[in-house]
Amino acid sequence: MTIENMNVSEENTVYPPNPALFNGTAPKPWISSLEQYREMYKESIEQPDAFWTRMALDNLSWSRPFTKVRQGSLDEGDVAWFVDGELNISYNCVDRWAEADPERVAFVYEADEPGNAQKWTYRRLLQEVCRVSNVLTSFGLRKGDTVAIYMPMIPEAAVSMLACARLGLVHTVVFAGFSASSLAERVQDAGSRVIITADEGLRGSKIIKTKAIVDEAVQSCPKVERVLVFRRTGNEVAFNKDRDVWWHEATDKQRPYCPPVPVSAEDPLFLLYTSGSTGKPKGVLHTTGGYLLGATITAKYVFDIHAGDVFCCTADIGWITGHSYVVYGPLSLGATSVIFESVPTYPDPSRYWKLVEEHKITQFYTAPTAIRALRRLGDSWVDKCDLSSLRVIGSVGEPINPEAWLWYYNKVGRGNCSVVDTYWQTETGSHVIAPLPGATPAKPGSATLPFFGIDVAVLDPLTGKELEGNGVTGVLAIRKPWPSMLRTVGGDHKRFLDTYLKPYPGHYFAGDGVTRDEEGYYWIRGRVDDVINVSGHRLSTAEVESALILSPSVAESAVVGSPDEVTGQAICAFITLKDGVSATEEEVKKELVAAVRKQIGPIATPKILIIVDDLPKTRSGKIIRRILRKVVAGEADQLGDVSTLSDPSILKVLIEKVNAVV
Ligand code: ATP
Ligand code: MG
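Note that the structure is predicted; figures quoted are calculated from it, not measured.

Parameters and conventions
Every chain is numbered independently, its residues counted from 1 as its sequence is written. Working convention: letters from A go to chains and numbers from 1 go to ligands, in the order in which they are written. The model is predicted, so local features are restricted to residues of pLDDT at least 70 and side-chain atom pairs to those at 80 or more, both for listing and for counting; the totals for chains, interfaces and linings are taken over all residues. The side-chain numbers reported here are obtained from all heavy atoms of the structure, hydrogens and water having been left aside. Counting from the N terminus, the helices are DSSP H or I runs at least four residues long and the strands are E runs at least two residues long. With C-alpha atoms as the basis for the radius of gyration, the globule rule is written as 2.2 Å multiplied by the number of residues raised to the power 0.38. Only protein chains enter the area calculation, which uses a 1.4 Å probe; residues under 20% of their type maximum are buried, those over 50% are exposed, and those in between are partly exposed. By definition in these notes, contact holds between two residues if any of their heavy atoms fall within 4.5 Å. Note on areas: Shrake-Rupley, 1.4 Å probe, and residue coverage restricted to the protein chains presented here. Under the counting rule used here, the positive set is Lys and Arg, the negative set is Asp and Glu, and His together with the chain ends is not counted. To locate a charge, take atom NZ for lysine, CZ for arginine, CG for aspartate or CD for glutamate. Whether a residue is near a molecule or strand depends on its heavy atoms: if one lies within 4 Å, it is near. What qualifies as a polar contact is a pair of N or O atoms within 3.5 Å, subject to a donor-acceptor requirement within protein and to the restriction that residues adjacent in sequence count only when both atoms come from side chains. A strand pair is defined by DSSP finding two or more bridges across the two strands. Here the axes come from fitting lines to C-alpha atoms, over the contacting stretch only for helices, and the angles between their N-to-C directions go from 0 to 180 degrees. Orienting the strands away from the viewer, one traces the path from the first strand over the helix to the second; a clockwise path indicates a right-handed crossover. Nine residue types can take part in a nonpolar core, namely buried Ala, Val, Leu, Ile, Met, Phe, Trp, Tyr and Cys, and a core is a set of them joined through side-chain atoms within 4.5 Å. UniProt positions are given in the numbering used here, feature names are shortened, and annotations may be inferred rather than shown by experiment. One less than the residue count of a helix, multiplied by 1.5 Å, gives the span that helix is expected to have. Only centres within 6.5 Å qualify two rings of Phe, Tyr or Trp (six-membered ring in Trp) as a pair; their planes then separate them into stacked at under 30 degrees, edge-to-face at over 60, and tilted for everything else. By definition, being over a ring means that NZ of Lys or CZ of Arg is both within 6 Å of the ring centre and within 35 degrees of the ring normal. For classification purposes, angles smaller than 35 degrees are called roughly parallel, those larger than 145 roughly antiparallel, those between 65 and 115 roughly perpendicular, and all remaining angles oblique. Residues are grouped as follows: Ala, Val, Leu, Ile, Met, Phe, Trp, Tyr, Cys and Pro are nonpolar; Asp, Glu, Lys and Arg are charged; all remaining types, including Gly, are polar. Take a side-chain nitrogen of Lys or Arg and a carboxyl oxygen of Asp or Glu: if they are within 4 Å of each other, that pair is a salt bridge.

1. Let's talk about the overall build of the protein
Counting its regular elements, the protein contains 19 helices and 30 strands. On C-alpha atoms alone, the protein measures out to a radius of gyration of 24 Å, which is about the 26 Å that the 2.2 N^0.38 rule sets for 662 residues. In terms of overall dimensions, the protein has C-alpha extents of about 70 × 55 × 50 Å along its principal axes. Going through the 662 residues of the protein one by one, you find that 63% of them count as buried. In the protein, of all internal contacts separated by at least 6 residues, the share reaching a separation of at least 24 is 72%. For the protein, the accessible area works out to roughly 23,900 Å², and carbon and sulfur atoms hold 50% of it. Here the protein holds 70 positive side-chain charges and 81 negative ones, and the gap between their average locations is 2 Å.

2. Observations concerning the site of ligand 1
In the neighbourhood of ligand 1, 21 residues make up the surrounding shell, with Ser-277, Thr-278, Thr-426, Asp-512 and Lys-622 lying closest. Separating an oxygen atom of ligand 1 from a side-chain N or O atom of Lys-282 is a distance of 3.2 Å. Here Gln-425 contributes a side-chain N or O atom positioned 2.8 Å from an oxygen atom of ligand 1. Here ligand 1, which alone exposes 630 Å², has 95% of that area covered by the protein.

3. Here we look at unusual backbone geometry
For the bond running from Tyr-346 to Pro-347, omega is -5°, close enough to zero to count as cis. The topology assignment puts Pro-347 in the loop between strand 17 (336–340) and helix 11 (351–359). For Arg-414, which is not a glycine, the phi torsion comes out positive at approximately 55°. Examined against the element boundaries, Arg-414 turns out to sit in the loop between helix 14 (402–412) and strand 20 (418–421). Phi is positive for Ser-535, which is not a glycine, with a value near 45°. By secondary structure assignment, the location of Ser-535 is in the loop between strand 26 (532–534) and strand 27 (537–539). We classify Ser-535 as partly exposed; its relative accessible area is 44%.

4. Side note on the sheet that holds strand 16 (residues 310–313)
Here we have seven strands laid out as an open sheet, ordered 5-4-17-16-18-19-20, and mixed in their pairing. Every other strand in the sheet has two partners, leaving strand 5 (118–121) and strand 20 as the edge strands with one partner each. If you compare each strand with its neighbour and ignore which way they point, the axes differ by 20° on average.

5. Observations regarding the pairing of strand 30 (residues 608–611)
What you see with strand 30 is no split at all: Ile-608 and Ile-610 on one side and Leu-609 and Ile-611 on the other are buried throughout. Two elements, strand 29 (residues 568–577) and strand 30, share four bridges in a ladder whose sense is parallel. Bridge pairing links Cys-572 to Ile-608 in strand 30. After leaving strand 29, the chain enters helix 17 (residues 585–599) and then returns to the sheet as strand 30, a path that is right-handed.

6. Looking at the nonpolar core
In this structure, Phe-82, Leu-125, Leu-136, Tyr-328 and Phe-452 are the most contacted members of the largest nonpolar core, which totals 128 residues. It is helix 5 (residues 155–167) that provides the largest number of residues to this core, a total of nine residues. Core analysis: the second largest hydrophobic core is formed by 31 residues, Phe-340, Leu-355, Leu-390 and Trp-407 among them.

7. Side note on the UniProt feature "domain: Acetyl-coenzyme A synthetase N-terminal" (unreviewed entry) in the protein
Mapped onto this structure's residue numbering, the UniProt feature "domain: Acetyl-coenzyme A synthetase N-terminal" (unreviewed entry) falls at residues 37–93. As annotated, residues 37–93 comprises 47% helix and 11% strand, and the C-alpha atoms at either end are separated by 26 Å.

8. Description of helix 5
Here helix 5 contains 13 residues, and its C-alpha end-to-end distance of 19 Å stays within 8% of the 18 Å for a straight helix at 1.5 Å per residue. Burial analysis of helix 5 places 13 of its 13 residues in the buried class, the great majority of the element. At the exit of helix 5 stands Gly-168, carrying a positive phi of roughly 75°.

9. Points about the packing of aromatic side chains
For the structure on display, the rule yields 34 aromatic pairs. Seen from their ring centres, Tyr-325 and Trp-424 are 5.2 Å apart, and the 85° between their planes marks the pair as edge-to-face. With a gap of 99 residues between them, Tyr-325 in helix 10 (residues 320–332) and Trp-424 in the loop between strand 20 and strand 21 (456–459) connect regions that are remote in the sequence. Trp-424 shares its class with Tyr-325; the two are buried. Through pairs of rings, three or more aromatic residues link up here, namely Tyr-37, Tyr-41, Phe-51, Trp-52, Trp-62, Phe-66, Trp-81, Phe-82, Tyr-301, Phe-451 and Phe-452. Just above the ring of Phe-178 sits the side chain of Arg-186; from NZ or CZ to the centre is 4.2 Å. In this arrangement the basic side chain of Arg-231 is found over the ring face of Trp-246, its NZ or CZ atom lying 4.5 Å from the centre.

10. Details of the UniProt feature "domain: AMP-binding enzyme C-terminal" (unreviewed entry) in the protein
According to UniProt, the positions carrying the feature "domain: AMP-binding enzyme C-terminal" (unreviewed entry) are residues 543–622. Structurally, residues 543–622 comprises 28% helix and 31% strand, and the distance from its first C-alpha atom to its last is 16 Å.

11. As for the packing of helix 12 (residues 368–376) against helix 14
Two numbers describe how helix 12 lies on helix 14: the axes approach to 10 Å, and their chain directions differ by 75°. Classified by the angle between their axes, helix 12 and helix 14 sit roughly perpendicular to one another. Two secondary-structure elements touch here, helix 12 through Ile-371, Arg-372, Leu-374 and Arg-375 and helix 14 through Glu-403, Ala-404, Trp-407 and Tyr-408. Its residues placed into classes, the contact of helix 12 with helix 14 shows five nonpolar, no polar and three charged.

12. Concerning the environment of Phe-340
On the secondary structure map, Phe-340 appears in strand 17. According to the relative accessible area criterion, Phe-340 is buried, its value standing at 3%. For the pair Phe-340 and Met-153, spaced 187 residues apart in the sequence, the C-alpha separation amounts to 6.4 Å. Residues within four places of Phe-340 in sequence aside, it is in contact with Glu-110, Met-153, Arg-351, Tyr-352 and Leu-355.

13. Concerning the pattern of salt bridges
For the structure on display, the rule yields 40 salt bridges. Between Glu-46 and Lys-42 there is a salt bridge, with the nearest N and O atoms lying 3.6 Å from each other. Taken together, the positions of Glu-46 and Lys-42, both in helix 1 (residues 34–46) and four residues apart, correspond to about one turn of that helix. We classify Lys-42 as partly exposed; its relative accessible area is 48%. Among the ionic pairs, Arg-479 bridges to Asp-455, the shortest N-O distance being 3.0 Å. In this pair, Arg-479 sits in the loop between strand 22 (472–478) and strand 23 (488–489) while Asp-455 sits in the loop between strand 20 and strand 21, placing the two residues 24 residues apart along the sequence. Judged by relative accessible area, Arg-479 falls into the partly exposed class, the value being 29%.

In structure tokens:
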């Protein structure tokens with residue numbers, strides 16, 4: 001089974017929508033049948049103006065209604081939505097709910113140290129957002145200016161984002177695990193005059209010297225005039241009186257109200273850099289109206305969020321997932337969002353599940369890397385917790401291997417939850433392919449069907465010709481603009497056109513390979529750049545990796561092509577083992593070769609199998625195959641940008657291991 005002639009194998013059992021969603025104990029799903037989904041989807045594609053007008057008016061509050069729904073095209077790269085409409089995102093996410101129900105909890109803040117959860121009501125959130133907005137105004141910032149946010153996962157990070165949005169400032173959040181030079185590069189690129197940060201961060205009881213990193217970064221950012229510092233740990237940090245301002249001192253002086261500044265739907269909201277899985281990160285620019293609408297309605301329909309729900313997304317706010325599903329989506333729906341500061345294994349690997357138990361979380365959203373890591377550590381951690389509050393559990397960031405999907409479904413969901421495997425990108429702003437809990441039968445490993453308004457096309461990678469019908473594999477493209485798509489790459493519109501719109505004219509090019517199966521379900525096959533070509537057979541990384549992870553010994557796997565004189569490329573597989581595996585390396589390798597031959601076919605037999613302790617990953621937890629590919633090709637001296645690597649120290653060991661084998 002290669003990606004050209006993939007068939008649907010026995011692993012693809014279909015999981016119908018969970019009956020517990022319909023037995024009256026849970027709120028009735030917003031979309032409660034496949035027919036309803038199909039009808040709405042059809043309308044969204046065939047009558048987009050009517051569909052999006054309704055969505056925009058039903059779900060958002062506009063200070064000035066729009067008369068024009070959309071303009072521009074993918075050919076021209078001048079897409080705009082709701083252009084003459086005006087709104088304020090912080091009003092939509094905070095004031096709406098603070099006015100209606102001030103005591104409702106906006107954030108549950110679960111600090112690094114367990115047992116200290118804090119609840120923030122919408123009233124408190126509004127007051128704090130307003131105070132920070134007033135501080136930013138006092139710094140002389142005006143609509144259109146950019147502010148960099150480099151903060152731990154604490155409510156004040158979200159407050160900072162919302163305070164920017166309240167004034168029409170453009171925020172650029174940088175994940176607080178990045179080094180000083182990566183931070184400086186992003187601050188410079190975005191042209192920020194102000195950085196908001198904290199004294200220190202805490203993750204898994206480890207102290208992160210956040211402010212010290214900012215101090216170092218600012219040395220090469222001459223434009224930065226002010227650094228606003230939130231006191232998180234209270235430890236002594238260097239303080240430059242001419243430049244630095246304490247958050248608590250500055251906010252104490254400000255009144256807890258600040259009028260929201262109405263902005264155009266097309267005014268920029270934020271600039272955010274992609275994870276850097278495939279090379280140098282791109283500064284993706286999102287605007288106000290379309291982005292908020294995308295985040296809001298995907299949160300509503302894909303997670304099926306209802307009043308009273310407690311939603312938990314474990315992504316850091318430094319990534320798009322944190323933007324759309326920790327902050328903007330859930331708050332725009334008036335839900336309660338959990339802000340989790342720690343790591344899944346601190347103080348022990350039951351942390352996530354205890355969190356669910358304690359806060360009665362109804363939707364839980366995390367990444368395959370976390371699911372695989374927890375699966376690796378054994379079931380006892382999850383088995384002992386009460387997870388009965390959960391209805392929907394989600395996955396994002398990488399293809400989820402069917403084996404990991406099943407573990408999530410059975411162990412975390414107890415066979416009683418809908419698993420939503422959500423495919424999307426920083427660039428798409430919100431989910432583009434994902435199941436809807438009450439409507440879409442799920443297949444483990446498939447992101448299932450497109451979200452409303454997303455007109456997916458599968459293209460032949462070489463000719464760009466559209467592959468019509470079902471049972472096809474090619475590159476994933478989108479044929480029509482959608483509201484939450486990126487508008488440009490910050491300061492480099494040409495790069496935007498060249499990367500996304502020019503490769504296949506008339507389409508948005510996502511850079512991922514995809515299969516549309518016989519039933520029209522989409523299976524993301526991995527990055528287009530990662531496809532392996534063995535004797536003319538194109539194999540997807542996701543498929544071979546999923547075959548490897550079926551082995552009870554394997555925790556994670558990454559496959560890449562290595563140069564081969566006979567076959568062009570040969571399969572080189574890197575694997576990490578689960579805890580407590582007693583088989584020898586030779587036994588494991590033999591078993592894996594047999595498993596891949598059986599699951600896919602002899603063509604996919606790994607020629608080289610390397611057992612490692614750790615795989616190279618981005619700071620958001622995605623495997624970087626590009627680095628493995630270079631290392632096996634003997635080009636370890638040409639790795640390109642490795643600043644997005646979460647643990648650069650693994651490179652040395654990896655290179656030694658590969659050199660010993662290849
Ligand atoms: P860069 O663009 O800088 O290389 P990146 O693509 O990792 O980094 P993100 O925008 O964070 O940056 O990630 C989007 C990518 O993540 C998608 O293009 C896809 O490859 C992968 N992805 C996200 N969700 C899923 C999913 N549910 N299934 C499969 N792949 C996914
Ligand atoms: Mg990308």
